Amino acid sequence: MTRSIINKYFLIIIYLLLSSCSGLKLLPPGEKLYTGAEIELERGDIIGKKKRRLIKRVTEETVLPLTNKSYLGMRPKLWIYLAAGENPETKPGKWLKKKGTAPVLMSGIKPGVTASIIDANLFNTGIFKGYTDFNTIEKKHTAKVIYTSYIHKPYTFSELTYAVSDDSLSRFIISAKEQSLIKPGNDYNLDILKNERIRIDVLLKDKGYFYFSPEYLLFKADTSSLNQTVSLNLALKDSIPINALTVYRINNVFINQDYTLSNDGADSPKDTLWYRNNTFSGKESEMNIRPGVILRSVYLRKNEIYSRRNHTITLNRLMSMGNFKFVQVKFSESDTAAAGFLDVTILLTTMTNRTFRAEMDIVSKSNNFTGPRINVSLLNRNMFRGAELLYMNMAGSYEAQLTGIDQNLYSYSVNPQVELTFPRFFVPFDLRVKNSIYIPITRLSLSYNYLKRVNYFDMQTIQFGYGYRWKENIRKQHEFNPINLSYTSIGNQSAIFKELLDSNPFLKKSYEEQFIGGGNYSFTYNEQIGPVKKMQYFFHGTAEMAGNVFSLAKLTGGVNPSSDNPSTIIGSIYSQYAKISIDTRAYYNFRNNKLAMRFFAGVAKPFGNSSILPYTKQFFSGGSNSLRAFHINSVGPGTYFQDSGSRGFLQLGGEIKLEVNGEYRFNIYRFFKGSLFVDAGNVWLHKSNPANIGNAFSFSGFMNEIAMGAGAGVRIDVSFFLLRFDLAMPLRKPWLEENNRWVINQIAFGNSTWRKDNLVLNVAIGYPF
């Protein structure tokens, strides 16, 4: 070990011993450490609390520089930096200096400049006659600055008049004045004026003023001291370029599907195709995607007035097709005798048509089942030269219970799937979503799943779906599947499995052969897509019905289907039910931390041809994305206790579900995040359900049958991937006797038996909600 390394470790040890020291004695002679500033508002009492907080925040954001970070009054990084000052050229000294932070000295602070900036910011918020004084408070080694701002009530907008010299511009601006951001009576704010100019610029861009800019608009202000108001007059600046006042139309539209950054037009194709007033590069037979398909997403059309909205729609729709790496739209002055024409060049860089992907992972569930899973998929992005996406996937998995009462439980499954999507509504009549940024999707899917529960049963499921998905805007999405067919059969039932079913008629009925034919609709509203706000909301609602068409056909034929004498389709009993659920979430963002809350409610009702819901359509509670203090699908229904040790793979679901989750998410260090959470909920059966399992749902009694758990988690968040470890314990067990369901007083972390029976580790990818 070299002498320099010994010195380095010696200095580290010294740092650990003396890190409680602030290091102030090591400051350069005559210098004082700057410890921050305080803002005081004089005459702030004449302003409401909300406005006062806003003004205080505006002034605090102005104060710079930031101070040296302290932890419980200590500044270890400052001490490291100052400790290196005695040997700055040595290797340990350089290393310490790199790990530390330089002191923020009072000699480098310019309070007069900061006070002027505070006054400027106050002026921008309508406090035109305010001013700021400052005072420096010094101690032996430190100093701080107190800024005192003398303020008054902000000036308010009184009126907005228009004096736009160009008649065409004036007509467009005045026609949209109802959308103005400047409202009489509101406080003056410079940001409102800036945003109003941007709003008008967007308006004019949609009217063909391609070269217009917000900088060409000028607000002239007239203030009145008597009632502290501001009258504004909007005008055009002098010497505006003539092209900024010209309405532009589209002339030629050139589209190149084979553009690459390497050639950049150097080897552009000589062959061109004139198609619906557009010029395509290359021969039609050699084009990757048919011209007509491309033009469904091009809203910049010959002889039409330029519109920024149509420009944006074209970019978004072409990118959302899923066939192009890059999309560029370039504009140039058209070489025509008449002025006011633009040529449009759309450059498309095509992605590889086929993508093969293979992945393998290990799945670990909270019920102690673990095993590998393999996925092999092939994606064809342009199946019929119409930007259709063909997705073929083959999945296989194996899982076994490695710990628990019965370690002979294991299963494996094989799941081939084919999905074909069309970038339009695929219907027998003309249905187009006009002027939408987003392309609607028609989806066809077919899948087969073979599941082998060794020593129990074989299950085969065939599913077919046909539906549509479209976005109303960036936050709102709709999905409608008018055809959703599923057929499930169970074979090779073992004696053990039959015995379990015979002991539970509800479970037996759930596992009967079922043919499900129906449709569903879902709506999603998601504010997490887009700019981060202090409060963000999420809503997902789903409604589903099945079996009604078959029952109607039976009734037409003179047959009245009932659960006592169920009818069949293609030799199998069909299910008839209605199901609805809502998932609402709220996210409160503050100081880089987040409080996340979720409420889930769902109800399903079998009727007509069915007395019990199909197993796959029931609600379940418990697991890594539900009640994390309980094993997967192990809670309920009602007060029923599911002994996973004796029941193995078979879990009971319910027809009603209520669940509430709360989670506080915070930063630990870099990509390590932490969480504290509480989960509560359960599932129940209807009173009309023939199975006598747990207490049926009732409004007067369900609160006393809620399961509850709490815990803490650690997440590894590397932006594109999040690995989650949540450790939870139950606080309330609804299956216990009524007065003994709270188990908080039984918590005993030092007891190995308690830990084994109560602590549940959930390992998952992504957030639970």
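This text goes with the structure placed above it.
Rules used throughout
- Residues numbered from 1 in each chain as written.
- Predicted model: local features only at pLDDT ≥ 70, side-chain atom pairs only at ≥ 80, totals over all residues.
- Heavy atoms only, no water.
- Helix = DSSP H or I, 4+ residues; strand = E, 2+ residues; numbered from the N terminus.
- Contact = heavy atoms within 4.5 Å.
- Areas by Shrake-Rupley, 256 points an atom, 1.4 Å probe, with all protein chains shown as cover.
- Axes fitted to C-alpha atoms, helices over the stretch in contact; angles between N-to-C directions.
- Left-handed = near helix turned anticlockwise from the far one by under 90°.
- Nonpolar A, V, L, I, M, F, W, Y, C, P; charged D, E, K, R; others polar.
- Expected span 1.5 Å × (residues − 1).
- Buried < 20%, exposed > 50% of the residue type's maximum accessible area, 1.4 Å probe, protein only.
- Arc of directions from axis to C-beta.
- Salt bridge = Lys/Arg side-chain N within 4 Å of Asp/Glu carboxyl O.
- Polar contact = N/O pair within 3.5 Å; in protein donor to acceptor, adjacent residues only side chain to side chain.
- Pairing = 2+ DSSP bridges.
- Patch = residues over 30% accessible without salt bridge, like charges linked within 9 Å, V, L, I, M, F, W, Y side chains within 5 Å.
- Lys, Arg positive; Asp, Glu negative; His and termini not counted.
- Charge placed at Lys NZ, Arg CZ, Asp CG, Glu CD.
- Phe/Tyr/Trp six-rings, centres within 6.5 Å; stacked < 30°, edge-to-face > 60°.
- Lys NZ or Arg CZ within 6 Å of the ring centre and 35° of its normal.

**So, the overall build of the protein chain**
Looking only at helices and strands, one finds 14 helices and 29 strands in the protein chain. When contacts within the protein chain are restricted to residue pairs at least 6 apart in sequence, long-range pairs at least 24 apart make up 65% of them. Carbon and sulfur atoms make up 56% of the accessible area of the protein chain, which totals about 41000 Å².

**Some remarks on the packing of helix α6 (residues 167-175) against helix α7 (residues 190-205)**
Contact pair α6 / α7: the axes reach a minimum separation of 10 Å and the direction vectors enclose 115 degrees. Along this stretch, α6 crosses α7, giving a crossing that reads as right-handed. Here L169, F172 and I173 of α6 lie close against α7, whose contacting residues are I200, L203 and L204. A class-by-class count of the residues in the contact of α6 with α7 yields six nonpolar, no polar and no charged.

**Some points on helix α2 (residues 49-62)**
Here α2 is 14 residues long and its end C-alpha atoms lie 20 Å apart, about the 20 Å a rise of 1.5 Å per residue gives. Buried within α2 we find I55, V58, T59 and T62. Relative to the axis of α2, the buried residues are bounded by an arc of 90 degrees and lie together on one face. Exposed side chains of α2 directed beyond 90 degrees from the buried face belong to K49, K50, R53 and E61. On its buried face, α2 is in contact with β1 (33-42) and α5 (111-124).

**Overview of the packing of α2 against α5**
At a minimum axis separation of 9 Å, α2 and α5 run at an interaxial angle of 145 degrees. Considering only the axes of α2 and α5, their crossing is right-handed. Contacts from I55, V58, T59 and T62 in α2 reach T114, I117, I118, N121 and L122 in α5. Looking at the contact of α2 with α5 residue by residue, the classes come out as five nonpolar, four polar and no charged.

**Some points on the pattern of salt bridges**
Two side chains bearing opposite charge may form a pair once their charged atoms approach each other closely. Summed over all chains, the structure comprises 22 salt bridges. Among the ionic pairs, R585 bridges to D583, the shortest N-O distance being 2.8 Å. In this structure, R585 and D583 share a single accessibility class: buried. What you see here is one network of salt bridges that share partners, running through R628, E663, R665, D679, R715, R724 and D726.

**Points about the side chain of R628**
Within the fold, R628 resides in the loop between β24 (593-606) and α13 (644-647). Residue classification places R628 among the buried positions, given a relative accessible area of 0%. Within the structure, R628 has its side chain in polar contact with the side chain of E663 (distance 2.6 Å). Once residues lying within four places of it in the same chain are set aside, the contact partners of R628 are G623, E663, F677, D679, R715, R724, D726, A728, V760, N762, P768 and F769.

**Thoughts on the pairing of strand β19 (residues 514-526)**
For β19, a buried count of 10 out of 13 residues is recorded, marking the element as mostly surrounded by other parts of the structure. By the bridge criterion, 11 bridges tie strand β18 (residues 476-491) to β19 in an arrangement that is antiparallel. Each residue of the ladder has a partner; that of L485, found in β19, is G517. By the bridge criterion, nine bridges tie β19 to strand β20 (residues 535-546) in an arrangement that is antiparallel. Residue pairing for β20: N520 is matched across the bridge by E544.

**Focus: unusual backbone geometry**
P65 follows L64 through a cis peptide bond whose omega is 0 degrees. Structurally, P65 is set in the loop between α2 and α3 (76-83). The residue after G636, namely P637, is reached through a cis peptide bond having omega 0 degrees. If you trace the backbone, P637 turns up in the loop between β24 and α13. Despite not being glycine, S239 has its phi angle at roughly 60 degrees, a positive value. Exposure remark for S239: the relative accessible area of 76% places this residue in the exposed category. Even without glycine at this site, R670 takes up a positive phi of about 55 degrees. Within the secondary structure layout, R670 lies in the loop between β25 (656-669) and β26 (672-684).

**So, a positive patch on the surface**
Among the surface-exposed residues, K69, K77, K98, K99 and R670 lie close enough to one another that they form a single positively charged patch. Looking at where K98 falls in the secondary structure, it is placed in helix α4 (residues 91-99). A residue is classified by how much of its surface remains accessible, and K98, at 72% relative accessible area, is exposed.

**Description of the environment of L318**
Looking at the element boundaries, L318 is found in helix α9 (residues 308-320). On the accessibility criterion, L318 (0% relative accessible area) is buried. Measuring from C-alpha to C-alpha, the distance between L318 and I294 comes to 7.6 Å, with 24 residues separating the pair along the chain. For L318, the contacting residues outside a window of four places in its chain are I294, S297, F324, V327, I346 and L348.

**As for the sheet that holds strand β4 (residues 156-163)**
Read from one edge of the open sheet, three strands run β4-β6-β5, paired in mixed fashion. Two strands bound the open sheet, and with one partner strand each, they are β4 and β5 (217-224). The mean inter-strand angle of the sheet, taken between neighbouring strand axes irrespective of direction, is 25 degrees. Where β5 and strand β6 (residues 229-236) come together, eight bridges link them in antiparallel fashion. Paired with L218 across the bridge in β6 is A235. Contacting β4, β5 and β6, α7 crosses the sheet at an angle of about 145 degrees to β5.

**Description of the sheet that holds strand β7 (residues 249-256)**
The sheet built from five strands is open, its strands ordered β8-β9-β7-β11-β10 with mixed pairing. Every interior strand has two partners, whereas the edge strands, β8 (272-275) and β10 (324-333), have only one. In this sheet, adjacent strand axes meet at a mean angle of 20 degrees when their direction is disregarded. Relative to strand β9 (residues 278-281), β8 is paired through four bridges, and the arrangement is antiparallel. Bridge pairing links T272 to S281 in β9.

**Observations regarding the packing of aromatic side chains**
Under the definition given, this model contains 36 aromatic pairs. Relative to F497, the ring of Y456 lies with its centre 6.4 Å away and its plane at 70 degrees, an arrangement referred to as edge-to-face. On the criterion of sequence distance, the pair formed by Y456 in the loop between β16 (441-453) and β17 (457-471) and F497 in helix α10 (residues 495-502) is long-range, its members being 41 residues apart. Take Y456 and F497: they sit in the same class, and that class is buried. Among the aromatic side chains, those forming a connected cluster through ring pairs are F123, F128, Y155, F157 and Y188. Note that R628 overlies the ring of F677, its terminal NZ or CZ placed 3.9 Å from the centroid. The ring of F600 has K657 lying over it, and the distance from NZ or CZ to the ring centre is 5.1 Å.

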